[in-house]
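# Architecture at a glance
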Amino acid sequence: MSWMFPRRSGIRAPEPREWILGALYLPVFLFFLNFAILTYFPALGFPLTEPRNYFFANLLYMAVNFAVMLLIFRRTLWQSLREFEGKMLLSVLIGFGMCYGANLVLTTAYTVLDIMPENYNQEAVNSLLGGYPLAMTLCTVVLAPLAEECLFRGVLFAPLARRCLPAAYALSMFLFAGMHVFQFLGSMTAANTILCLSLYLPASFSLCWVYQKTGNIWAGIFLHMFINFQSVLASLLRSLMQAFL
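Read on for an overview of the structure. (Residues numbered from 1 in each chain as written. Predicted model: local features only at pLDDT ≥ 70, side-chain atom pairs only at ≥ 80, totals over all residues. Heavy atoms only, no water.)

## Structural notes on the overall build of the protein
Of the regular secondary structure elements, the protein holds nine helices and zero strands. For the protein, the C-alpha radius of gyration of 18 Å lies close to 18 Å, the compact-globule estimate for 245 residues. Judged by the C-alpha coordinates and their principal axes, the protein covers about 50 × 45 × 35 Å. Among the 245 residues that make up the protein, the fraction classed as buried is 44%. Considering only intrachain contacts with a sequence separation of at least 6, the fraction spanning at least 24 residues in the protein is 80%. (Helix = DSSP H or I, 4+ residues; strand = E, 2+ residues; numbered from the N terminus. Rg over C-alpha atoms; globule rule 2.2 N^0.38 Å. Buried < 20%, exposed > 50% of the residue type's maximum accessible area, 1.4 Å probe, protein only. Contact = heavy atoms within 4.5 Å.)

## Points about the side chain of His 180
Considering the arrangement of structural elements, one finds His 180 in the loop between α7 (165-179) and α8 (190-214). Setting aside residues up to four positions removed in sequence, His 180 forms contacts with Asn 121, Glu 148 and Tyr 200.

## Focus: the nonpolar core
Core analysis: the biggest nonpolar cluster contains 59 residues, and Phe 29, Met 69, Leu 77, Leu 151, Phe 152 and Phe 157 have the highest contact counts within it. Where this core is concerned, the elements lending two or more residues are α1 (16-43), α2 (51-72), α4 (88-112), α5 (120-131), α6 (133-161), α7, α8 and α9 (217-244). Among the elements that take part in this core, α6 stands out by supplying 14 residues, more than any other. Excluding residues within four positions of it along the chain, Leu 151 makes contact with Gly 22, Tyr 25, Leu 26, Phe 29, Met 69 and Leu 156. In this structure, Ala 177, Val 181, Met 188 and Tyr 200 belong to the second largest nonpolar core, which totals six residues. (Core = buried A, V, L, I, M, F, W, Y, C linked by side-chain atoms within 4.5 Å.)

## Looking at the environment of Phe 56
Along the chain, the position of Phe 56 falls in helix α2. Phe 56 gets classed as partly exposed once you look at its relative accessible area, which sits at 34%. With 14 residues separating them in the primary sequence, Phe 56 and Leu 70 have C-alpha atoms 21 Å apart.

## Description of the packing of α4 against α8
Relative to each other, α4 and α8 sit at 165°, their axes nearing to 9 Å. Put simply, α4 runs roughly antiparallel to α8. Crossing hand, α4 versus α8: right-handed. Contact with α4, carried on its side by Met 88, Ser 91, Val 92, Ile 94, Gly 95, Met 98, Cys 99, Ala 102, Asn 103, Leu 106, Thr 107 and Tyr 110, involves Leu 195, Ser 198, Leu 199, Pro 202, Ala 203, Phe 205, Ser 206, Trp 209, Val 210, Lys 213 and Thr 214 of α8 and no other residues of that element. (Axes fitted to C-alpha atoms, helices over the stretch in contact; angles between N-to-C directions. Parallel < 35°, antiparallel > 145°, perpendicular 65-115°, else oblique. Left-handed = near helix turned anticlockwise from the far one by under 90°.)

## Quick word on the packing of aromatic side chains
Counting across every chain of the model gives 14 aromatic pairs. Each ring, one from Phe 41 and one from Phe 46, has its centre 6.1 Å from the other, and the planes form 55°; the classification is tilted. Through successive ring pairs, a cluster of aromatic residues spans Phe 29, Tyr 61, Phe 152 and Phe 176. Positioned above the aromatic ring of Phe 176 is the side chain of Arg 153, whose terminal nitrogen or guanidinium carbon lies 4.8 Å from the ring centre. (Phe/Tyr/Trp six-rings, centres within 6.5 Å; stacked < 30°, edge-to-face > 60°. Lys NZ or Arg CZ within 6 Å of the ring centre and 35° of its normal.)

## Examining the side chain of Thr 140
Looking at the secondary structure, you find Thr 140 in helix α6. Leave out the neighbours within four places in its chain, and Thr 140 touches Val 125, Pro 145, Asn 228 and Val 232.

## Quick look at unusual backbone geometry
Positive phi is not limited to glycine here, since Asp 114 has a value of about 60°. Along the chain, Asp 114 falls in the loop between α4 and α5.

## Remarks on α9
Because an α-helix packs 3.6 residues into every turn, residues spaced three or four apart end up facing the same way. With 28 residues, α9 should cover 40 Å at 1.5 Å per step; its first-to-last C-alpha distance of 41 Å lies within 8% of that length. Restricting attention to buried positions, one finds in α9 the residues Ile 217, Trp 218, Ala 219, Gly 220, Ile 221, Leu 223, His 224, Met 225, Ile 227, Asn 228, Val 232 and Ser 235. The N-cap residue of α9 is Asn 216: its side-chain oxygen and the backbone nitrogen of Trp 218 are 2.9 Å apart. (Expected span 1.5 Å × (residues − 1). Polar contact = N/O pair within 3.5 Å; in protein donor to acceptor, adjacent residues only side chain to side chain.)

## Thoughts on the environment of Pro 159
Structurally, Pro 159 can be placed in helix α6. Using a relative accessible area of 18% as the deciding quantity, one classes Pro 159 as buried. For the pair Pro 159 and Ile 227, spaced 68 residues apart in the sequence, the C-alpha separation amounts to 24 Å. Among residues more than four places away in sequence, those in contact with Pro 159 are Ala 13, Trp 19 and Gly 154.

Structure representation (structure tokens):
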């Protein structure tokens, strides 16, 4: 089991200044920026019930987070990129396989048991992909992974992993999963919420694992990009097939 859970102390955590700024920005990312956009877009005459406005609200949210993370973590990102080795790609591919396999088991079990949850977050992404495929692919595959890995793995996981690895996994995994669900809490039953949360745990675990395995945040960013690209590609292919059937 030492291969699956490597005892590695060489994880490159953010520098203290980066960590402080990242920790301060985390609640902005989770709550305040989203609240501000939901509040001020309609107030300025851009109701979010219109697909175009909803798309630009999401684009603004992702672009701001991406820019802020690049600014805050620029030193760690640059240094980690310089230290990234080709052999780390094997860990990225293994992490992708772990995530895909676990998701396949979960979705198959939920389908057989007839308890597949409504994933409102995925439905929203699929809707935006249908209307703005190129821009949403860029947001989903490039902007979101970098911002989310800097916060959930850089700020939450890396420093805590040096002290208590199980706590680092638990905190990073459940906050990451919750981030994809909490904005829809009022629209879902408790059972649907729990099942939706579980759908994001395989990706959460794999992203933590690959960071621990390689010690390099870019391994998590690349894995996150692969996971999101696979999801985007599946969504676009489904839409294409439905258009021709």
